[in-house]
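# Understanding the architecture of this molecule
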Amino acid sequence: MDSSSEGNSDNSNNFDAAQEMLADGIFDFSIPFLPETLPSVLQVGSGTDFLSLDIESLFPAQHDLLDKDENHLKIARQQLASFFPNAKYRLLQGEAETLDTDDRYDLIYSISLEDISDLKAFIQRAASWLKPSGRIFLGAFSSATTEKELTALVTCAGLTVLDSATSQYTETNATTACTRELFIIGAEKRG
């Protein structure tokens, strides 16, 4: 599927719709696990920015958006300025698997796992960025391999799986329709 904004508009619209469903799904999934205080949040991959608006609705103490694509960060800035003009956030351009930060977060979200070249390195680093009892929520288009791999990587990083979920999404265009599964996993840093 063409995930760029160029090319077939049906494919671009399908990508946006799938990303929006995954963003809504991961945010809704995380609600029972949110801390009682205003969280510090790292969002890895701002993408088409559906998730940024949900995160900002929490009025986080800190909201950092990391993306390797400058255009994605520009979209995030425009959307946040439009819907949350007084929001305080940081836009960080770079690779998730090589980000070097001393910041620690209560929550980390990512629905852009397909854009991360070294998933193991990213999850190991993300575990180190979490505060004690911090939580990470990862979403991806699913396969049995994805579910097993993510669960294993999260566990190997020393995180405790809180829950996982799958849901279905149907993509359609003028000539075809296919159903894909979305997989979401949440984990916590204990101690």
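Residues numbered from 1 in each chain as written. Predicted model: local features only at pLDDT ≥ 70, side-chain atom pairs only at ≥ 80, totals over all residues. Heavy atoms only, no water.

## Topic: the overall build of the protein
In plain terms, the rule: Helix and strand assignments come from DSSP, with helices taken as H or I runs of at least 4 residues and strands as E runs of at least 2, each series counted from the N terminus. Accessibility here uses a 1.4 Å probe with only protein chains present; expressed as a share of the type maximum, an area under 20% marks a residue as buried, one over 50% as exposed, and anything in between as partly exposed. Each accessible area value is a Shrake-Rupley result obtained with a 1.4 Å probe; residue values ignore everything except the protein chains displayed when judging cover.
Regarding its fold elements, the protein presents 5 helices and 7 strands. Taken over 191 residues, the protein has a buried fraction of 43%. As displayed, the protein offers around 9,500 Å² of accessible surface, 47% of which is attributable to carbon and sulfur atoms.

## Observations concerning the pairing of strand β1 (residues 40–44)
What counts, and what does not: Pairing between strands is defined by DSSP: at least two bridges between them are needed.
By the criterion of burial, β1 is predominantly enclosed, with 5 of the 5 residues buried. Covered by surrounding structure in β1 are Ser40, Leu42 and Val44 together with Val41 and Gln43, the residues of both alternating faces. The pairing of β1 with strand β2 (residues 62–67) spans 5 bridges and is classified as parallel. By the bridge assignment for β2, Gln43 is matched with Leu65. Of the pairings in the sheet, the one linking β1 to strand β4 (residues 105–110) comprises 4 bridges and is parallel in character.

## Topic: the nonpolar core
Threshold: Put simply, a nonpolar core is a bunch of buried Ala, Val, Leu, Ile, Met, Phe, Trp, Tyr and Cys residues held in one set by side-chain atoms that sit within 4.5 Å of each other.
Counting residues in hydrophobic clusters, the biggest one holds 27 residues, and the most contacted among them are Ile108, Phe122, Ile123 and Leu138. Secondary-structure elements contributing two or more residues to this core are β1, β4, α4 (119–129), β5 (130–141), α5 (144–156) and β7 (177–189). In terms of residues, this core owes the most to one element, α4, which gives 6 residues. Formed by 17 residues, the second largest nonpolar core is a distinct cluster that contains Ala18, Ile26, Phe141 and Ile184.

## Quick look at helix α3 (residues 70–83)
Stated formally: To estimate how far a helix should extend, the number of its residues minus one is multiplied by 1.5 Å. Here the arc refers to the directions that run from the helix axis out to each C-beta atom.
Taking 1.5 Å as the rise per residue, α3 with 14 residues should run 20 Å; its terminal C-alpha atoms sit 20 Å apart, in good agreement. Considered for burial, the residues of α3 that qualify are Leu73, Ala76 and Leu80. Buried positions in α3, seen along its axis, are confined to an arc of 55° and lie on one side of it. In this structure, α3 carries Asn71 and Ser82 as exposed residues pointing more than 90 degrees from its buried face.

## Notes on α4
Here α4 has its buried residues at Leu119, Phe122, Ile123, Ala126, Ala127 and Trp129. Down the axis of α4, the buried side of the element spans an arc of 155°, and every buried residue falls inside it.

## Observations concerning the packing of aromatic side chains
To describe a pair of aromatic rings, one takes the distance between the centres and the angle between the planes. For the record, the criterion: Classification of ring pairs rests on two measures: the distance between centres of Phe, Tyr or Trp rings, Trp counted by its six-membered ring, which must be within 6.5 Å, and the angle between planes, read as stacked under 30 degrees, edge-to-face over 60 and tilted in between.
What the rule picks out here adds up to 7 aromatic pairs. Here the aromatic rings of Phe29 and Phe137 are separated by 6.2 Å at their centres, their planes lie at 80°, and the arrangement is edge-to-face. Placement of the pair is Phe29 in helix α1 (residues 9–30) and Phe137 in strand β5, with a sequence separation of 108 residues. Exposure remark for Phe29: the relative accessible area of 12% places this residue in the buried category. Phe137 gets classed as buried once you look at its relative accessible area, which sits at 0%.

## Points about the environment of Leu34
Keep this limit in mind: Here, two residues are considered to be in contact whenever any of their heavy atoms come within 4.5 Å of each other.
Locating Leu34 in the fold gives a position in the loop between α1 and β1. In this structure the C-alpha to C-alpha distance between Leu34 and Leu107, which are 73 residues apart in sequence, comes to 8.0 Å. When near neighbours in sequence (up to four residues on either side) are disregarded, Leu34 contacts Leu58, Leu107, Tyr109 and Arg135.

## Observations regarding the confidence of the model for the protein
We count it as follows: How sure the predictor is of each residue is captured by pLDDT, a score from 0 to 100.
Put simply, the protein has an average pLDDT of 85, and 84% of its residues get 70 or more. In this model residues 1–13 is a low-confidence stretch, pLDDT under 50, and it forms 16 contacts with partners more than four residues away in sequence or in other chains.

## Regarding the environment of Asp118
For clarity, the cut-off: N or O atoms closer than or at 3.5 Å make up a polar contact, with two conditions inside protein: a donor-capable atom paired with an acceptor-capable one, and, for residues adjacent in sequence, both atoms drawn from side chains.
Residue position: Asp118 is located in the loop between β4 and α4. Separated by 23 residues in the primary sequence, Asp118 and Glu95 place their C-alpha atoms 10.0 Å from one another. Here the side chain of Asp118 touches Ala121 through a polar contact of 3.1 Å, landing on its backbone nitrogen.

## Notes on the pattern of salt bridges
Worth spelling out the cut-off: A side-chain nitrogen of Lys or Arg and a carboxyl oxygen of Asp or Glu constitute a salt bridge if their distance falls within 4 Å.
Scanning all chains against the criterion turns up 5 salt bridges. One salt bridge connects Asp64 with Arg90, and the closest N-O pair in it is separated by 2.6 Å. Of this pair, Asp64 sits in strand β2 while Arg90 sits in strand β3 (residues 90–93); the two residues are 26 residues apart in sequence, bridging distant segments of the chain. Across the salt bridge formed by Arg190 and Glu188, the nearest N and O atoms sit 2.6 Å from each other. A relative accessible area of 52% places Arg190 in the exposed class.

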